[in-house]
Amino acid sequence: MSRVMTTKTRMKGSERREDILEAATRAFAEGGYAGTSTDAVARQAGVSQPYVVRMFGTKLELFITVFERACERVRQTFEEIIEDDFDPESEADRERLGGAYAELLHDQNLLRVMMHGFSDGAVAEIGAAARERMGEIFTTLKRTGWPDEAVRDFIAQGMLLNVLLSIRSLDDRDDLGPLEALVRCALPG
């Protein structure tokens, strides 16, 4: 009888870090900063809680890392559209930018983490990170050539979509009651 040797492939630190960030995104999206422990993140990632703390420090540092990463993904999405020959007068380009954000709605954890970050602004460090990241998103959108009011309206539309996502009105559109008209006009396309 032949014996098959199996070797366990050791995951690189960068891969393990990425796995933990993905697990933390899922956990914080569901429970927010206050309602999620590093132990819950560790269980979600399949690692020990001390390993999570060793890699990221405190729960606050981990949350801010996850929050900033979510905001950066949104900012980068906008930047890619703007750098692709964006015309501030073009309705099609405005729709292209809005459509790119609507595509991000498919990653509900990403946007829920953002909402938790913005709503946890009373925690000084989270509030500072939220103000900085929103400023970066605003600055990126200003590169469209739109006036401040148009950028504000675009961000407001995105925040409305985030709220609708957070209250789970995008999950089951068959039983929305009075929200049906709002959801219908808020969603692009």
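Residues numbered from 1 in each chain as written. Predicted model: local features only at pLDDT ≥ 70, side-chain atom pairs only at ≥ 80, totals over all residues. Heavy atoms only, no water.

Q: Can you lay out unusual backbone geometry for me, pointing to particular residues and giving the numbers?
A: Backbone geometry places Asp 85, a non-glycine residue, at a positive phi of 55°. By the secondary structure assignment, Asp 85 is in the loop between α4 (59–83) and α5 (91–104). Positive phi, normally seen in glycine, also occurs at Arg 168, with a value near 60°. In this fold, Arg 168 is placed in the loop between α8 (148–166) and α9 (180–186). Classification of Arg 168 by relative accessible area gives partly exposed; the value is 36%. (Helix = DSSP H or I, 4+ residues; strand = E, 2+ residues; numbered from the N terminus. Buried < 20%, exposed > 50% of the residue type's maximum accessible area, 1.4 Å probe, protein only.)

Q: Before we move on, could you go through helix α1 (residues 13–31) and cite the residues and values that matter?
A: With 19 residues, α1 ought to run about 27 Å at 1.5 Å a step, and its terminal C-alpha atoms sit 26 Å apart, in line with that. Looking at the buried side of α1, the elements it contacts are α2 (38–45), α3 (49–56), α4 and α6 (108–119). Downstream of α1 by one or two residues, Gly 32 has phi in the positive range, about 70°. (Expected span 1.5 Å × (residues − 1). Contact = heavy atoms within 4.5 Å.)

Q: Please provide a residue-by-residue account of the pattern of salt bridges, values included.
A: Oppositely charged side chains are able to pair whenever their charged atoms sit close together. Inspection of every chain in the model, using the stated rule, returns 17 salt bridges. A salt bridge links Glu 132 to Arg 133; its shortest N-O distance comes to 3.3 Å. Note on Arg 133: relative accessible area 12%, which makes it buried. Through salt bridges with shared partners, a single ionic network connects Glu 72, Arg 75, Glu 79, Glu 83 and Arg 143. (Salt bridge = Lys/Arg side-chain N within 4 Å of Asp/Glu carboxyl O.)

Q: Describe the confidence of the model for the protein chain, naming the residues involved and giving the relevant values.
A: Confidence in the prediction of the protein chain, expressed as mean pLDDT, is 90, and 92% of residues score 70 or more. When mean pLDDT is compared element by element in the protein chain, helix α7 (residues 124–142) scores highest at 98, while α9 scores lowest at 86. (pLDDT = per-residue confidence, 0-100.)

Q: Any chance you could break down the side chain of Thr 144 for me, citing the residues and the numbers?
A: Position of Thr 144 relative to the elements: it lies in the loop between α7 and α8. Its relative accessible area of 3% is what places Thr 144 among the buried residues. At a separation of 3.0 Å, a polar atom in the side chain of Thr 144 contacts the main-chain amide nitrogen of Trp 146. When sequence neighbours within four positions are dropped, the list of residues in contact with Thr 144 reads Ile 82, Phe 86, Pro 88, Leu 97 and Val 151. (Polar contact = N/O pair within 3.5 Å; in protein donor to acceptor, adjacent residues only side chain to side chain.)

Q: If you had to explain the packing of aromatic side chains to someone new, which residues and values would you point to?
A: Overall, the coordinates contain eight aromatic pairs when judged by the stated rule. Measuring from centroid to centroid gives 6.3 Å for Phe 63 and Phe 67, while their planes differ by 10°, and the two rings are stacked. One end of the pair, Phe 63, and the other, Phe 67, are both in helix α4, four residues apart, so they sit about a helical turn from each other. Per residue, the accessibility class of Phe 63 equals that of Phe 67, and both read buried. Relative to Trp 146, the ring of Phe 86 has its centre 5.6 Å away and its plane inclined at 70°; by these criteria the two rings are edge-to-face. With Phe 86 in the loop between α4 and α5 and Trp 146 in the loop between α7 and α8, this residue pair connects regions lying 60 residues apart in the sequence. This pair shows no difference in class: Phe 86 is buried, exactly as Trp 146 is. Members of the aromatic cluster, each reached through a chain of ring pairs, are Phe 28, Tyr 33, Phe 63, Phe 67 and Phe 118. In this structure, Lys 59 is placed above the aromatic ring of Tyr 33, and the distance from its NZ or CZ to the ring centre is 4.5 Å. Between Arg 94 and the ring centre of Trp 146, over which it is positioned, the NZ or CZ distance is 5.0 Å. (Phe/Tyr/Trp six-rings, centres within 6.5 Å; stacked < 30°, edge-to-face > 60°. Lys NZ or Arg CZ within 6 Å of the ring centre and 35° of its normal.)

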